[in-house]
Amino acid sequence: MAQFIKKNIFNTELNADSVEWCPIKNYRKFFICGTYQLSKSENLKDAKKKNPKELRKGHLYLFQLVQEPEIFKLVERIAMVGILDCKWAHRPIANNIFLAIATALGDIRIFKLQDESTVSLKHVCTHKLSSSKTTIALSLDWSTGLNESDVKIVISDSEGFITLVSFADGQLCEDCKWKLHDFHAWIVAFNYWNTNVFYSGGDDCQLFIYDRRSDKVGKNDKVHTAGITSMQMNLKKEHSLISGSYDEKVAFWDVRQMKSPKNLISTGGGVWRLKWEPNECSDLAAACMHNGFLAIDGNNGSIIAEYKEHSSLAYGIDWSSLEQREISDYFDIETFGDKKLHVLSMCSFYDNLLSIAILQKGL
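Remember, it's a predicted structure, so these values are computed and weren't measured experimentally.

### Examining empty space enclosed by the protein
- As enumerated under the stated definition, the model contains two cavities of 30 Å³ or more in all.
- Every element with two or more residues in the lining of the largest cavity is listed here: β11 (137-142), β15 (187-190), β19 (228-233) and β23 (273-276).
- In this structure, the second largest cavity spans a volume of roughly 30 Å³.
- Every residue lining the second largest cavity is listed: Glu277, Glu280, Ser282, Asp283, Lys340, His342 and Lys361.
- Of the residues in the lining of the second largest cavity, the class split is no nonpolar, two polar and five charged.

See below:
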């Protein structure tokens, strides 16, 4: 048996859609939340005349886990354009911790986590995906899951393009761009075991497999019956990929055979985010829009716990990388008895809500 236990909440002021825990040792107590909100202009003509930055605003929050009863505290809030996706590099790059952000202005921004007198985020560089004012950067992924050299970031956007950039010496340089999707390309993910390969999904219900060594493109448009919104490669199991969709399904793939998934489960809500548990990669968490948040057994696809404490669209979810002994620094784990514990954060859209919960599992 498993169970979510709510520990604390935070009002994000604007619509919350992305949450990510820092995976780097000694900084795993930090996490970020990104928000995105359209201006409530009643005059469409006036709205079109505005700068897109004024129409799509957001905040980037940096939080720190602290001891009970407070649980977490706000470290920094950065006002900026609306945020669609955020991801930390999986490992330090040149001894620095970096965060990448996909924005509503159609750019990707890199921030560095600084630890001087206080911990803060410092903007490093920005790369614009297109000259169009209407392009929105929708998702991104780092190549650093299992690879320390030749750092790449892959980005999907609202025009259906996938862009590959290199990150070195504090600069972003565009390598290639491909028009793969007919509509919004909601999600893109590297194969961490072979970063020449990436996967993308979009509103056209197509899942593309692209190998840039040969420009070979494969696709599957038979499984998901609505837009594909989430994907992630497993860091422990070489050929294991998951995908989620508006069709309320999660597909479990062996990437060596993409004609049909190994398993296909129903979640009861459109799947906006999927995340493998980072330490063992045996369970996954899902943000399921109208059906809240789920913990799922990655081996058999069974739903092991539900979190229904939010009243709006479940959009963002992530596991902390804290190990059991580290969790005891912040929570009274004796009250949980003989249970295995995980710390997760979740965020939802129209109720502007961020929460932290503990997932307890029987050993």
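### Points about the pattern of salt bridges
- Following the criterion strictly, the structure yields 20 salt bridges and no others.
- Between glutamate 309 and lysine 6 there is a salt bridge, and its shortest N-O distance comes to 3.6 Å. Highlighted residues: glutamate 309 in the loop between β26 (303-307) and β27 (314-319) and lysine 6 in strand β1 (residues 2-11), separated in sequence by 303 residues.
- Owing to a relative accessible area of 44%, glutamate 309 belongs among the partly exposed residues under this scheme.

### Concerning the layout of surface pockets
- Its volume calculated, the largest pocket comes out at about 590 Å³.
- Going through the elements one at a time, β2 (16-21), β7 (83-88), β19, β23 and β27 are the ones with two or more residues in the lining of the largest pocket.
- In terms of residue class, the lining of the largest pocket is built from eleven nonpolar, five polar and nine charged.
- Its volume calculated, the second largest pocket comes out at about 390 Å³.
- Forming the boundary of the second largest pocket are 18 residues, of which Tyr36, Leu38, Tyr315, Phe349 and Tyr350 lie nearest the centre.
- Of the residues assigned to the lining of the second largest pocket, the class counts are eleven nonpolar, four polar and three charged.

### Let's talk about the environment of leucine 207
- Within the fold, leucine 207 resides in strand β17 (residues 207-211).
- In this structure, the C-alpha to C-alpha distance between leucine 207 and asparagine 220, residues 13 residues apart in sequence, is 5.2 Å.
- Setting aside residues no more than four positions away along its own chain, leucine 207 makes contact with Ser200, Gly218, Lys219, Asn220, Ile228, Met231, Ser243, Trp253 and Met258.

### Observations regarding the sheet that holds β17
- Taken together, four strands build an open sheet; the order of strands is β15-β16-β17-β18 and the sheet is antiparallel. With partners counted over all chains shown, the strands left at the sheet margins are β15 and β18 (216-220), one partner each. Pairwise comparison of adjacent strand axes, ignoring direction, gives a mean angle of 20 degrees for this sheet.
- Sheet analysis places β17 next to β18, joined by five bridges and oriented antiparallel. From the neighbouring strand, tyrosine 210 faces β18, where its bridge partner is valine 217.

### What to know about the nonpolar core
- By size, the foremost hydrophobic cluster in this structure holds 27 residues, and its most contacted members are Ile162, Phe198, Tyr199 and Leu241.
- Looking at this core, the elements that each hand over two or more residues are β13 (161-168), β15, β16 (197-201), β17, β19 and β21 (249-254).
- Beyond its immediate stretch of four places on either side in the chain, isoleucine 162 contacts Val154, Ile155, Ser156, Cys176, Lys177, Trp178, Leu180, Ala185, Val188, Phe198 and Ser200.
- Residues Val19, Tyr61, Phe72 and Leu322 belong to the second largest nonpolar core, which totals 21 residues.

### Regarding the packing of aromatic side chains
- If you walk through the whole model with that rule in mind, you get 21 aromatic pairs.
- Seen from their ring centres, tyrosine 61 and phenylalanine 63 are 5.7 Å apart, and the 20 degrees between their planes marks the pair as stacked.
- A residue is classified by how much of its surface remains accessible, and tyrosine 61, at 0% relative accessible area, is buried.
- Residue classification places phenylalanine 63 among the buried positions, given a relative accessible area of 0%.
- When the ring of tryptophan 142 is compared with that of phenylalanine 167, the centres are 6.0 Å apart and the planes differ by 85 degrees; the resulting orientation is edge-to-face. On the criterion of sequence distance, the pair formed by tryptophan 142 in strand β11 and phenylalanine 167 in strand β13 is long-range, its members being 25 residues apart. Taken as a pair, tryptophan 142 and phenylalanine 167 share a single burial class, namely buried.
- Grouped by ring-pair contacts, the aromatic residues Phe10, Trp21, Phe31, Tyr61, Phe63 and Phe72 constitute a single cluster.

### Overview of the UniProt feature "repeat: WD" (unreviewed entry) in the protein chain
- As annotated by UniProt and renumbered to match this structure, "repeat: WD" (unreviewed entry) occupies residues 221-263.
- The distance separating the terminal C-alpha atoms of residues 221-263 is 16 Å; by composition the span is 0% helix and 44% strand.

### With respect to the environment of asparagine 279
- Residue position: asparagine 279 is located in the loop between β23 and β24 (283-287).
- Judged by its relative accessible area of 29%, asparagine 279 is partly exposed.
- The sequence separation of asparagine 279 and leucine 322 amounts to 43 residues, and the corresponding C-alpha distance is 8.5 Å.
- Contacts of asparagine 279, omitting those with residues within four sequence positions, involve Lys236, Ser321, Leu322 and Glu323.
- Reaching out from asparagine 279, the side chain makes a polar contact with the backbone oxygen of serine 321 at a distance of 3.3 Å.

What counts and what doesn't
Residues numbered from 1 in each chain as written. Predicted model: local features only at pLDDT ≥ 70, side-chain atom pairs only at ≥ 80, totals over all residues. Heavy atoms only, no water. 1 Å grid on protein atoms, 1.4 Å probe; cavity = no way out; pocket = protein on both sides within 12 Å on 5 of 7 lines; lining within 4 Å. Points joined across faces, edges and corners; volume = space filled by probe spheres on them. Helix = DSSP H or I, 4+ residues; strand = E, 2+ residues; numbered from the N terminus. Nonpolar A, V, L, I, M, F, W, Y, C, P; charged D, E, K, R; others polar. Salt bridge = Lys/Arg side-chain N within 4 Å of Asp/Glu carboxyl O. Buried < 20%, exposed > 50% of the residue type's maximum accessible area, 1.4 Å probe, protein only. Contact = heavy atoms within 4.5 Å. Pairing = 2+ DSSP bridges. Axes fitted to C-alpha atoms, helices over the stretch in contact; angles between N-to-C directions. Core = buried A, V, L, I, M, F, W, Y, C linked by side-chain atoms within 4.5 Å. Phe/Tyr/Trp six-rings, centres within 6.5 Å; stacked < 30°, edge-to-face > 60°. UniProt positions renumbered as here; feature names shortened; annotations may be inferred. Polar contact = N/O pair within 3.5 Å; in protein donor to acceptor, adjacent residues only side chain to side chain.

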